[in-house]
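What the coordinates show
Take a look at the letters that make up each chain.
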Amino acid sequence: MSNILLAVSGGIAAYKSVELCRRLQDQGHEVRVVMTASAMEFVTPLTFQAISGHPVHTELFDLAAEAAMGHIELARWADTVLIAPATANTLAKLVAGFSDDLLTTVVTATAAPVVVAPAMNQQMYQASTTQENLATLKQRGVRVIGPAAGAQACGEVGMGRMVEPELIVDQLFYPHSELLAGQHWVITAGPTREQIDPVRFLSNNSSGKMGYAIAKAAHRLGAKVTLVSGPVSLLPEAGVTCVKVKSALQMQQAVMEHIPAADVFVACAAVADYRPVDFVTQKIKKNDEHLQIQLVKNPDILQGVAALPSPPFCVGFAAETERLEHYAKDKLQRKNLDLICANNVSCNTIGFDSDENAVTVFSRDGESVTLPQSCKSKIADQLVRLINKTMS
Ligand code: PMT
């Protein structure tokens, strides 16, 4: 794990950097915090000190601080300097090479990669000076994460919000590439809900984490991504087109709409195999000791896509609790897939609703690759690269 110098400049988004600090630490990184004088108008150094567990660096000319870890030591210590939020003023100072406070001095003195997460009023972001400054920083090798669009603290709406801490951490460690440029991936994720009456439904334990991670990985590697998602509480990666559905029939319709333009289809959703024959329009009363609900089989979305006259490259998942390889290979053949990921869902540290997974990927020619237990982001990145390699 690495040493991250989190440099906080003065914007309202500084409060989000407290969460950012915690998330970086959660990933096992050592974090030290530098704050500008304006940042301290929004959040106190004590807050960052309590979260990071280390004194916060605020002064360029402070004898005590310099004796402990001075600006040159800080610049040398950092493996990455992350400026979040990076205000328009800070960006301008970086472009001009100013060293008039601790933040700018450390940036000038460091050999570590510098990453900025801009945050400012949307008009300030659009200003030609800011745009030129960002372009100059990019040319110099500074990575820019965001900003995001949305409602702003000043009441306006537009580009300029700091990217959410979770996504900054993600983008910091899984950078973008153009490996899949020109490809369109359609991915299903999450459960489906098969409504019984207005308040009850049949569903399963899928959280969507695996499918969303695959969508993110494919997008990061340059693909255009359409994510067809059942009801989950996750946010898709910025740039991924997300189509929200509830039932298996809705998922099938959304998939079929996007499949004609797709190069790859990854079916990661846990589609309910059955749905009630009838939807009861009023809430069912508990009058009877036994209640029978008649079910009918849902269409198999993946099988339907693989049976199209010119199907995309089709990848399925086989969620199994026993005889993993046998059932996975059977689904590969029966559904006429290119690849299948055998997913052991009998173990509660992987699979459904956990942060980690482990899969063995079987191909038509009998080859198999095991992706050992790891976080779903890593499994997704490995899987997307494997799919791309197998296709080409
Ligand atoms: O969402 P998470 O909590 O992160 O969990 C991830 C996961 C365990 C759900 C995922 O990794 C996984 O294994 N997904 C497939 C679950 C499943 O429904 O498997 P299955 O063996 O029943 O279906 C086989 C394949 O056919 C799957 O690719 C499935 O998406 C597809 N299918 C199934 C039924 C159906 N009606 N239509 C389909 O497209």
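The structure we're discussing is the one just above.
Let me sum up the structure you'll find in this document.

1. Looking at helix α6 (residues 88-96)
For α6, the complete set of buried residues consists of Ala88, Thr90, Leu91, Lys93, Leu94 and Val95. Contact partners of the buried residues in α6: β3 (80-86), α7 (102-109), β4 (114-118), α8 (122-126) and α9 (128-139). In the segment just after α6, Gly97 is the residue with positive phi, at about 80°.

2. Structural notes on the nonpolar core
Core analysis: the largest hydrophobic core is formed by 34 residues, its most contacted members being Trp185, Ile187, Ile214, Val266, Phe317 and Ile387. Top contributing element to this core by residue count: helix α11 (residues 209-220), with seven residues. Trp185 has contacts with Leu180, Ala218, Ala223, Lys224, Val225, Thr226, Val264, Val266, Val384 and Ile387, leaving out every residue within four places of it along the chain. Grouped together as the second largest cluster of nonpolar side chains are 28 residues, Ala14, Met162, Val169 and Leu172 included.

3. Focus: the site of the ligand
As a matter of local geometry, the ligand sits amid 28 residues, with Ser206, Ser207, Ala267, Lys331 and Asn343 nearest to it. In the environment of the ligand, an oxygen atom lies 2.4 Å from a nitrogen or oxygen atom belonging to the side chain of Lys331. For the ligand, whose unbound accessible area comes to 770 Å², protein coverage reaches 95%. Of all the elements in the fold, those that place two or more residues in the shell around the ligand are α11, α13 (301-306) and β16 (313-320).

4. What to know about the packing of α6 against α9
The interhelical angle for the contact between α6 and α9, taken along N-to-C directions, is 50°, at an axis separation of 9 Å. Overall, the two elements α6 and α9 adopt an arrangement that is oblique. Crossing angle aside, the handedness with which α6 passes α9 is left-handed. Note on element contacts: α9 touches α6 through Thr130, Asn133, Leu134, Thr136 and Leu137, opposite Ala88, Leu91, Ala92, Leu94 and Val95. Its residues assigned to classes, the contact of α6 with α9 comprises seven nonpolar, three polar and no charged.

5. Side note on the packing of helix α1 (residues 14-26) against helix α3 (residues 45-52)
It is the contact of α1 with α3, at a shortest axis distance of 9 Å, that shows an interaxial angle of 15°. By the angle class used here, α1 and α3 are roughly parallel. For the crossing formed where α1 meets α3, the hand is right-handed. Across from Ala14, Ser17, Val18, Cys21, Arg22 and Gln25 in α1, the residues of α3 making contact are Thr47, Phe48, Ile51 and Ser52. Residues of the contact of α1 with α3, tallied by class, amount to five nonpolar, four polar and one charged.

6. Here's the deal with α7
Counting buried residues along α7, six of its eight residues qualify, which places the element largely inside the surrounding structure. Inspection of α7 places Leu102, Leu103, Thr104, Thr105, Val106 and Val107 among the buried residues, and these make up the whole buried set. Packing partners of the buried residues in α7 comprise β1 (3-8), β2 (30-35), α5 (71-77), β3, α6 and β4.

7. A few points about the sheet that holds strand β11 (residues 224-229)
Read across the sheet, eight strands follow the order β12-β11-β8-β13-β16-β17-β18-β19 without closing on themselves; strand pairing throughout is mixed. This sheet does not close on itself; its edge strands, each paired only once, are β12 (241-244) and β19 (368-375). Neighbour-to-neighbour, the strand axes of this sheet turn through a mean angle of 15°, independent of strand direction. Bridge analysis of strand β13 (residues 264-267) against β16 gives four bridges, and the strand direction is parallel. Bridge pairing in β16 links Phe265 to Cys314.

Cut-offs applied
- Residues numbered from 1 in each chain as written.
- Predicted model: local features only at pLDDT ≥ 70, side-chain atom pairs only at ≥ 80, totals over all residues.
- Heavy atoms only, no water.
- Buried < 20%, exposed > 50% of the residue type's maximum accessible area, 1.4 Å probe, protein only.
- Helix = DSSP H or I, 4+ residues; strand = E, 2+ residues; numbered from the N terminus.
- Contact = heavy atoms within 4.5 Å.
- Core = buried A, V, L, I, M, F, W, Y, C linked by side-chain atoms within 4.5 Å.
- Near = heavy atom within 4 Å.
- Polar contact = N/O pair within 3.5 Å; in protein donor to acceptor, adjacent residues only side chain to side chain.
- Areas by Shrake-Rupley, 256 points an atom, 1.4 Å probe, with all protein chains shown as cover.
- Axes fitted to C-alpha atoms, helices over the stretch in contact; angles between N-to-C directions.
- Parallel < 35°, antiparallel > 145°, perpendicular 65-115°, else oblique.
- Left-handed = near helix turned anticlockwise from the far one by under 90°.
- Nonpolar A, V, L, I, M, F, W, Y, C, P; charged D, E, K, R; others polar.
- Pairing = 2+ DSSP bridges.

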